[in-house]
Structure formats: structure tokens, C-alpha cells
Amino acid sequence: MGVELELLAAVVRARAEDRPEEVLEILSDERIGSRWLAGTSIFTYRVDALAALGRAEEADRELARLTGLAGDTWAPVFGSLDWLEGRVAEAYGLHDRAIRAYRRAAKQGLPGPRAQAAFDAGRLLLATGEGEAGARMLSVAAKGFGPLGAHAALRKIALLRDAPASEADRALGALSGREREVAVLAGSGLTNSEIAERLYLSPATVAFHMRNVLSKLGLRSRRELRGLSR
């Protein structure tokens, strides 16, 4: 159990700091090596990290692997299969499907995973222009996170609640969470290298997200993106 607790502590810290690439490094085969694990539940966070990076097909494959292990060596300790289906759907840009999955996940399992699912539902509802529904889900998430002392999650909820809705927000709602971050930073004038440093990503990953951003928004250049994000 010591190995798993060590890995879990590192993963929790990286997730709190929105560093999905670091999560993947922590949970890589090279990092884990031959160390014994009691189960595969911690790899739930591998799906989450891949989805956060927009690597939808890889996240989908990892989810299929864990689904095959459900009831054997994988258990929904860190998030249910519904939540993981939501993460993958969001990475693919299937927002309605993702929200439905998050809502289901917010009603089952342990308090922490339920609160996380409610948070993701609220976050995505706000991003797609469903302000009232999003606010309700964020309230559910806050009630779940509060007794757990999840201060980082509560700060994220506060930031989302304070953020004003705009036409840019609704347009950016077509993007995944990571794509929105890249789009907003690019819109503020940062280069790919500067965005990579800010988000702890590789320049290649930022370039990948930028291509998706421009394609999904029907834009031809970063200059048009700057106008959208103001």
C-alpha cells in the first residue's frame, strides 16, 4: 500500500495544480516499473489526464481497458465508469453526452468522486451557456467537497462562480477544458512556447490543441482568436 499511497499523493498534487502531463508521467509504466500494486484503480486518473490533454482516442482505449477489469482489479474508488465516460466524451467534444454521464456519476459512489462529477457537470454546463443548471451542479459539488476539506476544488468552484458569462464564453464552450485554456492564453497574445510553460505542457501538445481550437471555432488564424477572447 505504501507504493500506492506515494503515487496517489503525487497524482493528487499534480491534479490540484492542473498538470495532466505530470499525472501521465507518474502513472507511466516506466515510473511504476515492477513495483507491486494492490489493484488498478489508480489508473482511473490516467483516463482523466489523457482526456484533459485532448487525447481522446488514447483516453478511450484506456477506459476500455479499465472497463474490462471492472469487478476484478479495478474498482470505482477514484471515479465511476460513468465519470470516465464523461471525461472521454468531453475530450471528443461530445458535450451533451459528457454532461449526461457526469450527472449520472454525481449520484453514485463515494463522496469525493460524486463531488468531482458534479463539478465537471457544472463546469461544462457553464461553458456551454447553461448558467443556472451549471450553478446548481457547482453547489452540489461544493457541498460534497466541503466536508472533505478539498480546498483546491472549492477555490476552482469559486472562480467559476465569479466568472461573468459572455459571447466569448459561449463560443469557447465548443472546446474541451484544456482547449479553452489554450485558446484564452493564445487570445491574450502568448506564443505556443509561453503557453506550454504556463500550463506545464510540451510545445507540441499546445500546437495540437491550437489546431483543434481553430478548427472547432472555424477560425483561420490566431489573430481572429484574439478578437474572440476579448
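Preceding block: the structure.
Residues numbered from 1 in each chain as written. Predicted model: local features only at pLDDT ≥ 70, side-chain atom pairs only at ≥ 80, totals over all residues. Heavy atoms only, no water.

A.B. asks: Account for the overall build of the protein chain, with residues named and values stated.
C.D. replies: Assigned secondary structure in the protein chain consists of 15 helices and zero strands. Its C-alpha atoms give the protein chain a radius of gyration of 17 Å, near enough to 17 Å, the size a compact globule of 230 residues would have. Counting only C-alpha atoms and orienting by the principal axes, one finds that the protein chain spans roughly 50 × 40 × 30 Å. The long-range share in the protein chain, meaning contacts at least 24 apart out of those at least 6 apart in sequence, stands at 56%. (Helix = DSSP H or I, 4+ residues; strand = E, 2+ residues; numbered from the N terminus. Rg over C-alpha atoms; globule rule 2.2 N^0.38 Å. Contact = heavy atoms within 4.5 Å.)

A.B. asks: Before we move on, can you summarise the packing of helix H5 (residues 56-69) against helix H6 (residues 81-91) with the specific residues and values?
C.D. replies: Following both chains from N to C, one finds H5 and H6 inclined at 160°, their axes separated by 9 Å at the closest point. On the basis of their axis angle, the class for H5 and H6 is roughly antiparallel. Judged by the twist between their axes, the crossing of H5 over H6 is left-handed. Seen from H5, the contacting residues are Ala56, Ala59, Asp60, Leu63, Leu66 and Thr67; seen from H6, they are Leu81, Leu84, Glu85, Val88 and Ala91. A breakdown of the residues in the contact of H5 with H6 according to their chemical character gives eight nonpolar, one polar and two charged. (Axes fitted to C-alpha atoms, helices over the stretch in contact; angles between N-to-C directions. Parallel < 35°, antiparallel > 145°, perpendicular 65-115°, else oblique. Left-handed = near helix turned anticlockwise from the far one by under 90°. Nonpolar A, V, L, I, M, F, W, Y, C, P; charged D, E, K, R; others polar.)

A.B. asks: Describe the packing of aromatic side chains, naming the residues involved and giving the relevant values.
C.D. replies: Under the criterion given, the structure shown has one aromatic pair. Arranged with centres 5.2 Å apart and planes meeting at 35°, the rings of Tyr45 and Phe78 form a pair that is tilted. Residue Tyr45 is located in helix H4 (residues 44-52), and its partner Phe78 is located in the loop between H5 and H6; the two are separated by 33 residues in the primary sequence. Taken as a pair, Tyr45 and Phe78 share a single burial class, namely buried. The aromatic ring of Tyr200 is capped on one face by Arg19, whose charged end is 4.0 Å from the ring centroid. Its end group placed over the ring of Phe43, Arg65 keeps NZ or CZ at 5.4 Å from the ring centre. (Phe/Tyr/Trp six-rings, centres within 6.5 Å; stacked < 30°, edge-to-face > 60°. Buried < 20%, exposed > 50% of the residue type's maximum accessible area, 1.4 Å probe, protein only. Lys NZ or Arg CZ within 6 Å of the ring centre and 35° of its normal.)

A.B. asks: Give me the lowdown on the side chain of Glu90, citing residues and values where you can.
C.D. replies: For Glu90, the position within the fold is in helix H6. You can call Glu90 buried: its relative accessible area is 2%. At a separation of 2.7 Å, a polar atom in the side chain of Glu90 contacts the side chain of Tyr102. (Polar contact = N/O pair within 3.5 Å; in protein donor to acceptor, adjacent residues only side chain to side chain.)

A.B. asks: An account of the pattern of salt bridges is needed here, citing residue identities and associated values.
C.D. replies: Throughout the structure, instances matching the rule amount to 16 salt bridges. Ionic pairing is found between Asp18 and Lys156, a salt bridge with its closest N-O pair at 2.9 Å. With a gap of 138 residues between them, Asp18 in the loop between helix H1 (2-16) and helix H2 (20-26) and Lys156 in helix H10 (residues 151-162) connect regions that are remote in the sequence. Among the residues examined, Asp18 registers a relative accessible area of 37% and is labelled partly exposed. Note on Lys156: relative accessible area 24%, which makes it partly exposed. For the salt bridge of Glu179 with Lys216, the shortest nitrogen-to-oxygen distance reads 2.8 Å. Linking Glu179 in helix H12 (residues 177-187) with Lys216 in helix H14 (residues 203-217), this pair joins segments that are 37 residues apart in sequence. Here Glu179 falls in the buried class, since its relative accessible area comes to 2%. (Salt bridge = Lys/Arg side-chain N within 4 Å of Asp/Glu carboxyl O.)

A.B. asks: Could you give an account of helix H9 (residues 131-145), with specific residues and numbers?
C.D. replies: Given a rise of 1.5 Å per residue, 15 residues ought to cover 21 Å, and the 21 Å separating the end C-alpha atoms of H9 matches this to within 8%. Among the residues of H9, Ala133, Gly134, Met137, Leu138, Ala141, Ala142 and Phe145 are the ones counted as buried. Buried residues belonging to H9 abut helix H7 (95-105), helix H8 (111-127) and H10. (Expected span 1.5 Å × (residues − 1).)

A.B. asks: Got a sec to walk through the environment of Ser80? Specific residues and values, please.
C.D. replies: If you trace the backbone, Ser80 turns up in the loop between H5 and H6. The buried category is assigned to Ser80, whose relative accessible area is 11%. Each C-alpha atom of the pair Ser80 and Tyr102 lies 9.5 Å from the other, and the pair is 22 residues apart in sequence. Once residues within four sequence positions are removed from consideration, Ser80 is found in contact with Trp74, Ala105 and Gln108.

A.B. asks: Could you give an account of the environment of Trp74, with specific residues and numbers?
C.D. replies: Note on placement: Trp74 falls in the loop between H5 and H6. A relative accessible area of 4% places Trp74 in the buried class. Considered as a pair, Trp74 and Gly218 are 144 residues apart in the sequence and their alpha carbons are 40 Å apart. Those residues in contact with Trp74, other than ones at most four positions away along the chain, are Thr40, Ser41, Thr44, Leu66, Leu69, Gly79, Ser80, Leu81 and Leu84.

Shape is all these values report; function is a separate question.
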